[in-house]
Every structure is written in structure tokens, then in C-alpha cells.
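Notes for the structure review
One-letter residues, chain by chain:
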Amino acid sequence: MDWLQALIMGLVQGLTEYLPVSSSGHLAILGNFFDLPSEESVLTFTVVLHVATVLSTIVILWREIIWLFKDLFQWKWNEGTKYVVNILVSMIPVGIVGLTIKDTIEAAFNGLLVVGICLLCTAALLAFAYYAKPRQRDHISPMHAFIIGIAQAIACLPGLSRSGSTIATGLLLGNKKENLAQFSFLMVIPPILGMALLDVKDIAEMGFDTAMAGIPMSSLIIGFLSAFIVGCLACKWMINIVKKGKLIWFAAYCTVIGIAAIVFNFLPVAA
């Protein structure tokens, strides 16, 4: 993997992690055009990109994170404690899937056809959430947090946007759009860090030389920085987009990219 490929993949990861268009789907599409190294080294690069986007979330939402910790360590039931409980509840479905069948699902459901179909599902979900007008609730309840967590767990399928699924599900449940983007981005921090730790364990077991085969250190650094910088911009941008309720444009985009992925899947591969 050269520096240009690392830059492009970092930019795509940083942008699509927050926009409701599926980062995994876009990276899968890019993988069909790039001459990527071994599966082990791709895992290393993916972990680096995910850590970069988590750090960008922490940077953009640092005030909210500090507020949560301050309220939590007051050791009493308050707004911050309720919020943390909702985050923990939302983690249950993705934790179960991640520790049991995530690898099986990813192995069984891969390829451009699956990515295209899942992108179309993302488009349909975003469009439905845009046109539905349920009564808006002031606070996200634990039950709604759990249902949003189920949406996040299902979004392990490539092409099914995590942020799109969680935000759209929250809107359909009647939660205020002003609260959903922030909750969607905060709830993903613990699961991504947890999965990254499990991946780091696998990387350590395979050995440094195997994990880094085909990826120069410079490419890792470029990928990390591009994903982090663009992630900061995209996170802030997406929060404003959700507040303005303009998700329908992403539904149109996912429809176009989804159809293109399906068509490309059936095109003959050049020898």
C-alpha cells in the first residue's frame, strides 16, 4: 500500500464514518480498485483508521464527554448518569454480536453485491426517517437506546451505515434530531475501542512483520492523520446536518452508489 492509497482510504474512512453512507461499504468498494496487501496487514491498517476516527469524535465532543464524567463521578442519579446508562444499554446488542457472530457475518456477507444491496437499504431507511413525522421526545429512554443499539449491531453488514441506521432508527422512534447525532457518535466510542483492543490482540499474536507486511510506516501515519483530520470536520458537519434534517440527500447518494456497486458486481472482470 503506497502513500496515495493510504491517503485516499484515510480520507474516505474519516468522511464516511460520520456521514450516513457506510464507511465499510466505501472501503470495500475501494478495495476492488486498489492492490491491497495481505489480509493481516489490512486488519492493522483498518484498526489504525478506526482509532483515528474515535479520537476525532473525542476531540469534537470533548465538552460533552467531560460533562458525562463529571456527572458520573458525583455518584448520584443525574442527567449525566442517565446518559451513560443509555450508552451502556446501547452497547449490549453490538457487544453480543461482536463477541459471537461478527466474524461469521462478515465472512458470509461480503462482496460488491451485498454492499450494493445494503447501501440501498441504508437509502430506504434514511428516506423513511426523513418523511416520517413521529412525535418528538425530549429524552432518549433506555428502551430506545437498546433499540438504537440493535440498529448499530445490524450495521456490521458492509454497506449498512452505522450512523445512518442509528440516527434514522432514533428519528423513527420519535427522538429529537438535536440529540441523536451526538448520542450516535458517543455510543460508538466504547464498542470501537473494544473491538480495536481485540484486533490488537490478534495483531500481536500474528507478529509485527506479518501484521505490517506491505504497509510502510509512512502509509500508516498518512492514513491515521487523514482519517483523524477529516473525521473531525465530518463529525461537526454531520451534527449540523442532522439538526437541519437534511438526510434525504444521503439517501439519494446511497441509492446511486448502491446501484453502481450492484452493476459493477455483474460486470466481467478484465483478465
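Going by the structure above, here's the rest.
1. Re the overall build of the protein
Across its full length, the protein holds 14 helices and zero strands. Taking 271 residues into account, the globule formula puts the C-alpha radius of gyration at 18 Å, and the protein, at 18 Å, falls close to it. For the protein, the spread of C-alpha atoms along the three principal axes comes to 60 × 40 × 35 Å. Considering the protein as a whole, with its 271 residues, one finds that 46% of them fall into the buried category. Once local pairs closer than 6 in sequence are excluded, the contacts in the protein between residues at least 24 apart make up 83%.

2. A short note on a nonpolar patch on the surface
Side chains of Ile 92, Ile 96, Met 143, Phe 146, Ile 150 and Ile 154 sit close together on the surface and give an oily, nonpolar patch of about 540 Å² of accessible area. Those elements that provide at least two residues to the nonpolar patch are helix 5 (79–100) and helix 8 (142–154). No other element matches the four residues that helix 8 contributes to the nonpolar patch. With respect to the helices, strands and loops of the structure, Phe 146 is situated in helix 8.

3. What about the nonpolar core?
Grouped burial of nonpolar side chains is what soluble globular proteins tend to show. Counting 45 residues, the largest nonpolar core has Ile 167, Phe 183, Phe 185, Leu 186, Met 238, Leu 247 and Phe 250 as the members making the most contacts within it. Apart from the residues lying within four places of it in its own chain, the contact partners of Leu 186 are Leu 61, Glu 64, Ile 65, Leu 68, Tyr 83 and Ile 87. Listed in part, the 15 residues of the second largest apolar core include Met 9, Val 12, Leu 30 and Leu 49.

4. Quick word on the packing of aromatic side chains
For the structure on display, the rule yields seven aromatic pairs. For the ring pair Phe 73 and Trp 75, a centre distance of 5.4 Å and an interplane angle of 80° mean the geometry is edge-to-face. In this structure Trp 75 comes out as exposed when scored by relative accessible area, which is 69%. Judged by centre distance (4.9 Å) and plane angle (85°), the ring pair of Tyr 130 and Tyr 131 falls under edge-to-face. Judged by relative accessible area, which is 30%, Tyr 130 ranks as partly exposed. Grouping aromatic residues by their ring pairs yields a cluster made of Trp 67, Tyr 83 and Phe 183.

5. What about the packing of helix 9 (residues 162–172) against helix 10 (residues 177–187)?
For any two helices packed against each other, one specifies the crossing angle of their axes together with the interaxial distance. Two elements in contact, helix 9 and helix 10, have axes separated by 9 Å at closest approach and are oriented at 140°. By the criterion of interaxial angle, the relationship of helix 9 to helix 10 is oblique. The handedness of the crossing between helix 9 and helix 10 is right-handed. Where helix 9 approaches helix 10, its residues Arg 162, Ser 163, Thr 166, Ile 167, Gly 170 and Leu 171 are matched on the opposing element by Lys 177, Leu 180, Ala 181, Ser 184, Phe 185 and Met 187. Broken down by class, the residue content of the contact of helix 9 with helix 10 amounts to six nonpolar, four polar and two charged.

Rules used throughout
Residues numbered from 1 in each chain as written. Predicted model: local features only at pLDDT ≥ 70, side-chain atom pairs only at ≥ 80, totals over all residues. Heavy atoms only, no water. Helix = DSSP H or I, 4+ residues; strand = E, 2+ residues; numbered from the N terminus. Rg over C-alpha atoms; globule rule 2.2 N^0.38 Å. Buried < 20%, exposed > 50% of the residue type's maximum accessible area, 1.4 Å probe, protein only. Contact = heavy atoms within 4.5 Å. Patch = residues over 30% accessible without salt bridge, like charges linked within 9 Å, V, L, I, M, F, W, Y side chains within 5 Å. Areas by Shrake-Rupley, 256 points an atom, 1.4 Å probe, with all protein chains shown as cover. Salt bridge = Lys/Arg side-chain N within 4 Å of Asp/Glu carboxyl O. Core = buried A, V, L, I, M, F, W, Y, C linked by side-chain atoms within 4.5 Å. Phe/Tyr/Trp six-rings, centres within 6.5 Å; stacked < 30°, edge-to-face > 60°. Axes fitted to C-alpha atoms, helices over the stretch in contact; angles between N-to-C directions. Parallel < 35°, antiparallel > 145°, perpendicular 65-115°, else oblique. Left-handed = near helix turned anticlockwise from the far one by under 90°. Nonpolar A, V, L, I, M, F, W, Y, C, P; charged D, E, K, R; others polar.

All we've got here are geometric facts, nothing functional implied.
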